[in-house]
Amino acid sequence: MVIMFPVTLLVWLVVLPFDRNRTVMHWILIYHCMILSRLIPMWKIKIEGREKAIRGTTYVIISNHQSILDILLLNCLRYRFKWISKIENIKVPILGWYLRMADYITVDRGNEESRAEMLGRSYECLEREISLMIFPEGTRSKNMQIGFFKRGAFQLAIQSGKPILPIIIDGTGGVLPKHGFIFNRGHKIRIRVLDPVHPESFGIDNPDELALKFSTFMSAALKKLSDEI
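Let me sum up the structure you'll find in this document. Remember, predicted model here, so these are calculated numbers, not experimental data.

Rules used throughout
- Residues numbered from 1 in each chain as written.
- Predicted model: local features only at pLDDT ≥ 70, side-chain atom pairs only at ≥ 80, totals over all residues.
- Heavy atoms only, no water.
- Helix = DSSP H or I, 4+ residues; strand = E, 2+ residues; numbered from the N terminus.
- Rg over C-alpha atoms; globule rule 2.2 N^0.38 Å.
- Buried < 20%, exposed > 50% of the residue type's maximum accessible area, 1.4 Å probe, protein only.
- Contact = heavy atoms within 4.5 Å.
- Lys, Arg positive; Asp, Glu negative; His and termini not counted.
- Charge placed at Lys NZ, Arg CZ, Asp CG, Glu CD.
- Pairing = 2+ DSSP bridges.
- Axes fitted to C-alpha atoms, helices over the stretch in contact; angles between N-to-C directions.

Summing up its helical and strand segments, the chain has eight helices and seven strands in all. Relative to the globule expectation of 17 Å for 229 residues, the C-alpha radius of gyration of the chain, 17 Å, shows essentially globular dimensions. Counting every position in the chain, which comprises 229 residues, the buried fraction comes to 48%. Contacts in the chain between residues far apart in sequence, at least 24 positions, make up 74% of those at least 6 positions apart. A distance of 8 Å separates the average location of the 31 positive side-chain charges in the chain from that of its 22 negative side-chain charges.

As structure tokens, then:
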């Protein structure tokens, strides 16, 4: 990422006046991630169900979160979306610069005004037919199991009338766990895109209840995926 940054910066400066939605930058980052994922031979990555996201459909995309590697590997799905990221990532060298150049959405989770601004920007993206990618847990899991889902993603889906696209990722927590600095071997990484859930199938219009429903459903899907390995 460090090596590719100068070229990326140059492209960003060239397209900045014309790339209102930062679409060019998003695709550049996606191809960076695809190259990186193939440069590390000890990673065995399998992606299933990518075709379940229908081209031209806008989604609120949600995924469980095991490792910082999830960001890199979920980009390999090659979907058009904007990340919603915690504001702390802006301070990380290289990663924060990329977040700014792609104009991804950030949120200070402890600041009510920041959360309101995040929701406003997110609604604008959905209205412009740009999907969103969110980790509803808000942080990485310590034990690779799915934790409590916050309401934000589900509030967006309910109020915008957009379908939710759930994704399960497994194995990244074994390769690079939370607070870990050393890459471990011997773990298979699998990403499984589940069937989209459309608003008429939500069954409830309370975001907290919908969050619990998806947490339970995705926990079962993660266990099934883990048992298959």
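Let us now look at the sheet that holds strand E5 (residues 131–134). Across a sheet, paired strands are connected by hydrogen bonds in the backbone, their directions being either parallel or antiparallel. Taking strand neighbours across the sheet as the criterion, the seven strands line up as E1-E7-E6-E2-E5-E3-E4 in an open arrangement whose pairing is mixed. Strands at the two margins of the open sheet, each flanked by one partner only, are strand E1 (44–48) and strand E4 (105–107). The sheet shows a mean angle of 20° between the axes of neighbouring strands, taken without regard to direction. Relative to E4, strand E3 (residues 81–86) runs parallel, the two being bridged by three bridges. Bridging across to E4, Lys86 finds its partner in Val107. Contacts between helix H5 (residues 112–127) and the sheet are confined to strand E2 (60–63), E3, E4 and E5, with E4 contributing the most and set at about 160° to the helix.

In this structure, Arg78 is a non-glycine residue whose phi angle is positive, near 60°. Residues other than glycine seldom take positive phi values, yet Met144 does so here, at roughly 70°. Tracing the chain through its elements places Met144 in the loop between E5 and helix H6 (152–160). Classification of Met144 by relative accessible area gives partly exposed; the value is 32%.

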